Amino acid sequence: MTIRFFNTYTRRLEDFVPLETGVVRMYNCGPTVYDFAHIGNFRSFLMADLLRRFLEWKGFAVRQVMNLTDVGHLTDDDVDRMEVGSGREKKTAWEIADFYAEAFLEDSRRLGLAKAWENPRATRHIPEMIELNRKLVEKGLAYFSKDSLYFEVQKFPGYGRLSGNTLDELEAGARVEVRSEKRDPRDFALWKADPRHQMKWESPWGVGFPGWHVECSAMSMKYLGETLDIHTGGEDNIFPHHDCEIAQSEGATGRPFVRHWLHARFLLVGGEKMSKSLGNFYTVRDLAAAGYEGRAIRWALLDGHYRQPANFAVEGKGEAARFVSLESAAGSLRTLDNLATKLRFAAAPGADPELPEILAKARREFDEALSDDLDISRARRAIFELAGELNRRDVPRTDAAVALSLVREFDAVLGFLPAAEAELPAEVRELVLAREAARKDRNWSLADELRARIRERGYVVEDTPRGPVWKKA
Ligand code: AMP
Ligand code: ZN
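These figures come from a predicted structure and were not determined experimentally. Every chain's residues receive numbers from 1 upward, in the order its sequence appears when written. All chains are assigned letters beginning with A, and all ligands numbers beginning with 1, in the order in which they are written. Where local features are concerned, this predicted model is filtered to residues with pLDDT of at least 70; where side-chain atom pairs are given and counted, the filter is 80 or more; whole-chain, interface and lining totals use all residues. Heavy atoms throughout the structure, all of them, feed into the side-chain values; hydrogens and water do not.

Overview of the overall build of the protein chain
Secondary structure elements are taken from DSSP: a helix is a run of H or I of four residues or more, a strand is a run of E of two residues or more, and numbering for both begins at the N terminus. Helix and strand counts for the protein chain come out as 15 helices and 17 strands. The C-alpha extent of the protein chain, read off along each of the three principal axes, is 90 × 50 × 35 Å. Partly exposed describes any residue whose relative accessible area lies between the buried limit of under 20% and the exposed limit of over 50%, with all areas from a 1.4 Å probe on protein chains only and scaled to the type maximum. Every one of the 473 residues in the protein chain was classed for burial, and the buried ones make up 53%. Taking the intrachain contacts of the protein chain between residues at least 6 apart in sequence as the baseline, contacts between residues at least 24 apart amount to 76%. A 1.4 Å probe and the Shrake-Rupley method give the accessible areas. Residues count as covered only by the protein chains that appear here. In the form shown here, the protein chain has an accessible surface area of approximately 21,300 Å², with 51% of it arising from carbon and sulfur atoms. Should any heavy atoms of two residues lie within 4.5 Å, those residues are counted as being in contact.

Here's what the structure looks like:
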């Protein structure tokens, strides 16, 4: 089946065929580790994770690189977020970086993000950035002025093509920023000399620190080569970040930098972008403390197409807040848990002649949906339709094993089943099976005794028309 993704660069759906057969080289812009990431940030990272898991399911080896931005690059308003973190917590910028990098990886695990092939940290790749800058100087694309090395936008005619901003429009937008040392107001910094900065390094342009954009160009090309198959980010990365990455990378190598650009739209709360500055954000920790499982947060954040803004529904405020999206996600997960349980404990003899086609159809639809620019809603529909079919039947034991392995395949892509350690322990599973046998024999006293022993081990079983359903007590 052909895989198609919408390419931000060409603004079209395009067939996806990696440069090297069977291998996908993918770079995801990662977090700035100056504070806990909020779940809006995680929507972008989860889109990358879904993409990676789907491509692996399709049989590709995915070289996934997600950077950790731990150098305090200056934003447009000249704030260095690492130093902001440092001032806030009375720690050095280096301590802030270590702490929040670890926190990010911990939150990622909680949300079931597969471990990336590499998570390069900017602070550990300064020589690569200096080298790239040196090439740009050599090629006449960069110049030093006052205290900074700048990329000269005029020299790269394709600048702004990704975002669709023409040079003229960009010029009008940049006019507010008066920096007389630049040859053109749109030129952006590749290096800034600043010996008072906490994080600083020696360079041919003085002691200082690299520009933000050059970080991603240098690290992506180091691990993945000059041309990447896929590059992702949130919609706000398109301009200037990704347009600048293209200019630097292609300027230095003379080769196409990225073949498919994919961007996730924002997570909104009450119609507004979830963001630190608006204060309308939640962290994974906040929600875990409120009792939500990582997989429910994951399910809610992956809801809806990645090219549509998603709404995180909250009713009420503060302590009384109700997380409507999470409650609904938890409901969906219960349905899927019950399905998995039913299949695990299916005991009927024989075979259901209709099941092979039902399973094949579900698999086909799931594949078609995700191959079509990651249409997750359609993929989920295929799973719930399958669940409906299976719930209507007394599934024979042999068919159930096949169905369960299909559910596990879906889970490998979407990540909805509880993590392995949360699965029913073997001894409890034996007790549940023994209790089912006792019930079949109408030996109610034994069944009750077994229920009590299951309870002692921290689980409750309930009998449903579809079979036993268990949960943690
Ligand atoms: P930052 O840590 O600020 O560099 O942001 C990390 C990533 O999160 C970037 O790719 C942003 O585009 C993305 N992002 C920020 N806010 C949101 C949001 N509300 N919804 C989705 N993605 C976001
Ligand atoms: Zn980046």
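Some details on the site of ligand 1
Nearness is judged by heavy atoms alone; a residue qualifies as near a molecule or strand once a single heavy atom is within 4 Å of it. Around ligand 1, the structure places 16 residues, and the nearest of them are Gly40, Asp236, Asn237, Leu267 and Met274. Asn41 has a polar side-chain atom sitting 3.0 Å from an oxygen atom of ligand 1. Relative to its unbound accessible area of 500 Å², ligand 1 is 91% covered by the protein chains. By the convention adopted, Pro, Cys, Tyr, Trp, Phe, Met, Ile, Leu, Val and Ala count as nonpolar, Lys, Arg, Asp and Glu as charged, and the other residues, Gly among them, as polar. In terms of residue class, the shell around ligand 1 is built from five nonpolar, eight polar and three charged. Each polar contact in these results corresponds to two N or O atoms within 3.5 Å; when the atoms are within protein, one needs to be able to donate a hydrogen and the other to accept it, and residues that are neighboring in sequence are counted only if both atoms are side-chain atoms.

Regarding the domain arrangement of the protein chain
Either an automatic procedure or a domain database provided the assignment from which the domain bounds are taken. Segmentation of the protein chain into domains returns domain 1 (4-264), domain 2 (330-419) and domain 3 (426-472). Of note, the centres of domain 2 and domain 3, computed from C-alpha atoms alone, are 24 Å apart. Taken together, the seven residues of domain 2 in the interface contact eight residues of domain 3. By convention, the term buried area covers the 1.4 Å-probe accessible surface removed from two parts as they join, with the contributions of both added. Across the interface of domain 2 and domain 3, roughly 860 Å² is buried in total on both sides, 61% from carbon and sulfur atoms. By salt bridge we mean one thing: a side-chain nitrogen of Lys or Arg within 4 Å of a carboxyl oxygen of Asp or Glu. Put simply, domain 2 and domain 3 have zero salt bridges between them.

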